[in-house]
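Chain residues, written in single-letter form:
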Amino acid sequence: MEKKGKRIVSLVMMMLLFFIVIAANFQGCFSAASQTTIKGKSITPANDRGGSAVFPVTGNVYPAGHYSVILNIGNPPKAFDLDIDTGSDLTWVQCDAPCTGCTKPSDKLYNPKNNRVPCSSSLCQAVSTGQNYNCDTPADQCDYEVQYADLGSSLGVLLSDYFPLRLTNSSLLQPRIAFGCGYDQKYLGPHSPPDTAGILGLGRGKASILSQLRTLGITKNVVGHCFSRVEGGYLFFGDRLLPPSGITWTPMLRGSSDTLYSSGPAELLFGGKPTGIRALKLIFDSGSSYTYFNAQVYKSILDLVRKDLSGKPLKDAPKEKALPVCWKTAKPIKSIFDVKSFFKPLTINFTNAKNVKLQLAPEDYLILTKDGNVCLGILNGGEQGLENFNVIGDIFMQDRVVVYDNERQQIGWFSTNCNRLPKS
Ligand SMILES: *[C@@H]1O[C@H](CO)[C@@H](O)[C@H](O)[C@H]1NC(C)=O
Ligand SMILES: *[C@@H]1O[C@H](CO)[C@@H](O)[C@H](O)[C@H]1NC(C)=O
């Protein structure tokens, strides 16, 4: 119990982008494996290396603000566009329930059938954080509430249905996956509701679609994405598309969260030189467009960048939406590459191993706005209540493959062109 309590505290503190969970009912167990249907046969979740699946991605950091994929659910299948979120576990879609706060027309909502996951299932337990352990009878429906720092919250019921999946070896599988049918979405203040039908939760937890596919023996619990700086990219499940070498890996921190992909400690270098910013703990979160550092680190970075700009032809410019720090030149800037030389690269040096670095060129932390200004894509997490956390968002992950390997508990990356789908 005590452990659970601690976890909730850390979750609440985290509250960042696309981040998780509360309430629900549960107890007992849910044998997901017994529900697998693969072309009518069941497969054994044994030592098979597992398959892989690749999905084209749409979106960008700016102006879209998110990356999404289209997944089919049901039989006959219906397509849903989902925001890719490695910062939360539960996948959910807007629900035809009736629904409060749904943004899609009713023909784009998911229609629940008689497919509720009972509150006695372990997956129901996994989407709960201990706020509400009551399960009046084991057959009750599993209600959940997910909270996101930026979005607000979503209330729903846990269902299961087929997720038709084309593997890279051409097999078409029909695993049954538990997911949320969200019937009450509350959006936070000034934020506009997301324009996707739901969220694809790819966190470390048991409720994540990856954990479920792993339990079913379909793919390894490995997920990766390649987000293009310009538009789109791809997402993959499983490890078959990974090159045998050339990936930089850093271990996931154990015990920090059941959901979040955290890593570290790391130090920050600016222009290749130490900044004195050390011992950073970092969370890789694809549900966050920008990168957030705690207030103190943020201020240090801002000072370094500003100091470095003195005497250069960049002047302060008005803020752009979520981006408070912007610059302009005499003429509108046409490309980041026109001003790139005025900014130094940032490097995140993971100090728990040799040569584990995330190299960030200026275009990896700057945004070119529609007005032709450049803005800092690094934000003050302190203003979001993220005092103890630093979140690496999409902007730092552009034009590289980022891999979350839950089998080996490590996070990896390598630079590549994300506009080209990998050969399988
Ligand atoms: C493809 O991979 C899946 C999962 O590993 C396996 O069950 C299936 O038999 C494979 N299909 C072919 C045609 O090899
Ligand atoms: C990065 O960290 C490693 C491991 O602590 C250290 O040996 C190395 O000097 C650091 N690199 C730089 C450029 O500071």
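Everything below is about the structure printed above this text.
Residues numbered from 1 in each chain as written. Chains lettered and ligands numbered in written order. Predicted model: local features only at pLDDT ≥ 70, side-chain atom pairs only at ≥ 80, totals over all residues. Heavy atoms only, no water.

Peer 1: Where do I start with the site of ligand 2 in this structure?
Peer 2: In the vicinity of ligand 2, the contacting residues are Glu267, Leu269, Asn349, Thr351 and Ala353. One nitrogen or oxygen atom from the side chain of Glu267 is found 3.3 Å from an oxygen atom belonging to ligand 2. Here an oxygen atom of ligand 2 and a backbone polar atom of Thr351 are 3.4 Å apart. Within the complex, 55% of the 350 Å² of free accessible area of ligand 2 lies under protein. (Near = heavy atom within 4 Å. Polar contact = N/O pair within 3.5 Å; in protein donor to acceptor, adjacent residues only side chain to side chain. Areas by Shrake-Rupley, 256 points an atom, 1.4 Å probe, with all protein chains shown as cover.)

Peer 1: Looking at this structure, I do not really get the pattern of salt bridges. What am I missing?
Peer 2: Should the charged atoms of two oppositely charged side chains come close, the side chains can pair. Following the criterion strictly, the structure yields 12 salt bridges and no others. Lys104 is paired through a salt bridge with Asp81; the nearest N and O atoms lie 3.4 Å apart. Pair noted here: Lys104 is in the loop between strand S4 (92-94) and helix H2 (122-126) and Asp81 is in strand S3 (residues 78-85), with a separation of 23 residues, a long-range link. Given a relative accessible area of 21%, Lys104 falls into the partly exposed group. Overlapping salt bridges bring together Arg229, Asp364, Asp399 and Arg400 as one network. (Salt bridge = Lys/Arg side-chain N within 4 Å of Asp/Glu carboxyl O. Helix = DSSP H or I, 4+ residues; strand = E, 2+ residues; numbered from the N terminus. Buried < 20%, exposed > 50% of the residue type's maximum accessible area, 1.4 Å probe, protein only.)

Peer 1: Help me understand the sheet that holds strand S23 (residues 374-376) in this model?
Peer 2: Within a beta sheet, neighbouring strands are joined by backbone hydrogen bonds and run either parallel or antiparallel to one another. What the 4 strands build is an open sheet, ordered S18-S19-S23-S22; its pairing is antiparallel. Unpaired on one side and paired on the other, strand S18 (315-317) and strand S22 (366-368) mark the two borders of the sheet. Going from strand to strand, the sheet's axes swing by 35° on average, the running direction of each strand aside. (Pairing = 2+ DSSP bridges. Axes fitted to C-alpha atoms, helices over the stretch in contact; angles between N-to-C directions.)

Peer 1: Would you explain the state of the cysteines in this entry?
Peer 2: Here is the idea: a disulfide is a covalent bond, and it sits between the sulfur atoms of two cysteines. All chains considered together, the criterion is met by 5 disulfides. A sulfur-sulfur separation of 2.1 Å characterises the disulfide bridge that pairs Cys95 with Cys181. Every disulfide takes its handedness from the sign of the S-S torsion; for Cys95 and Cys181 that torsion is 90°, giving right-handed. With a gap of 86 residues between them, Cys95 in the loop between S4 and H2 and Cys181 in strand S9 (residues 176-187) connect regions that are remote in the sequence. With relative accessibility at 1%, the residue Cys95 sits in the buried group. The residue that forms a disulfide with Cys124 is Cys142, at a sulfur-sulfur distance of 2.1 Å. Disulfide Cys124-Cys142: torsion about the S-S bond near 95°, hence right-handed. Here the residue Cys124 occupies a position in helix H2, and Cys142 occupies one in the loop between H2 and strand S5 (143-148), the gap between them amounting to 18 residues. (Disulfide = S-S within 2.5 Å.)

Peer 1: Help me understand the side chain of Ser289, please; the structure alone is not making it clear to me.
Peer 2: Considering the arrangement of structural elements, one finds Ser289 in the loop between strand S16 (280-284) and strand S17 (291-293). From its side chain, Ser289 meets the backbone oxygen of Gly65 in a polar contact 2.6 Å long. Other than its neighbours up to four places away in sequence, Ser289 contacts Val61, Gly65, Gly393, Asp394 and Ile395. (Contact = heavy atoms within 4.5 Å.)

Peer 1: Honestly, the pairing of strand S1 (residues 53-60) in this entry has me stumped. Any pointers?
Peer 2: Looking along a regular strand, one sees the side chains alternate between the two faces of the sheet. Two elements, S1 and strand S12 (residues 233-237), share 5 bridges in a ladder whose sense is antiparallel. Each residue of the ladder has a partner; that of Pro56, found in S12, is Tyr234. Bridge analysis of S1 against strand S2 (residues 66-73) gives 4 bridges, and the strand direction is antiparallel. Within S2, the residue paired with Gly59 across the bridge is Tyr67. The antiparallel pairing of S1 with S2 creates a hairpin that spans 5 residues between the two strands, and Gly65 there sits at a positive phi of about 85°.

Peer 1: I tried to follow the packing of aromatic side chains on my own but got confused; where do I start?
Peer 2: How two aromatic rings sit relative to each other is given by the distance of their centres and the angle of their planes. Applying the stated criterion to the full structure yields 12 aromatic pairs. Ring centres of Tyr110 and Phe179 lie 5.1 Å apart, and the angle between their planes is 85°; this geometry places the pair in the edge-to-face category. One end of the pair, Tyr110, is in the loop between S4 and H2; the other, Phe179, is in strand S9, with 69 residues separating them in the sequence. Just above the ring of Tyr162 sits the side chain of Arg176; from NZ or CZ to the centre is 4.9 Å. (Phe/Tyr/Trp six-rings, centres within 6.5 Å; stacked < 30°, edge-to-face > 60°. Lys NZ or Arg CZ within 6 Å of the ring centre and 35° of its normal.)

Peer 1: Would you mind showing me how to read unusual backbone geometry here?
Peer 2: Most peptide bonds are trans, and most residues other than glycine sit at a negative phi. Here the amide bond leading from Ala97 into Pro98 is cis, since omega sits at 10°, within 30 degrees of zero. Mapped onto the elements, Pro98 comes out in the loop between S4 and H2. With an omega of 0°, the peptide bond running from Gly264 to Pro265 counts as cis. Mapped onto the secondary structure, Pro265 falls in strand S14 (residues 261-270). Although it is not a glycine, Ser170 sits at a positive phi angle of roughly 80°. Positionally, Ser170 belongs in the loop between strand S7 (165-166) and strand S8 (172-173). Its identity as a non-glycine residue notwithstanding, Ala279 has a phi of 55°, on the positive side.

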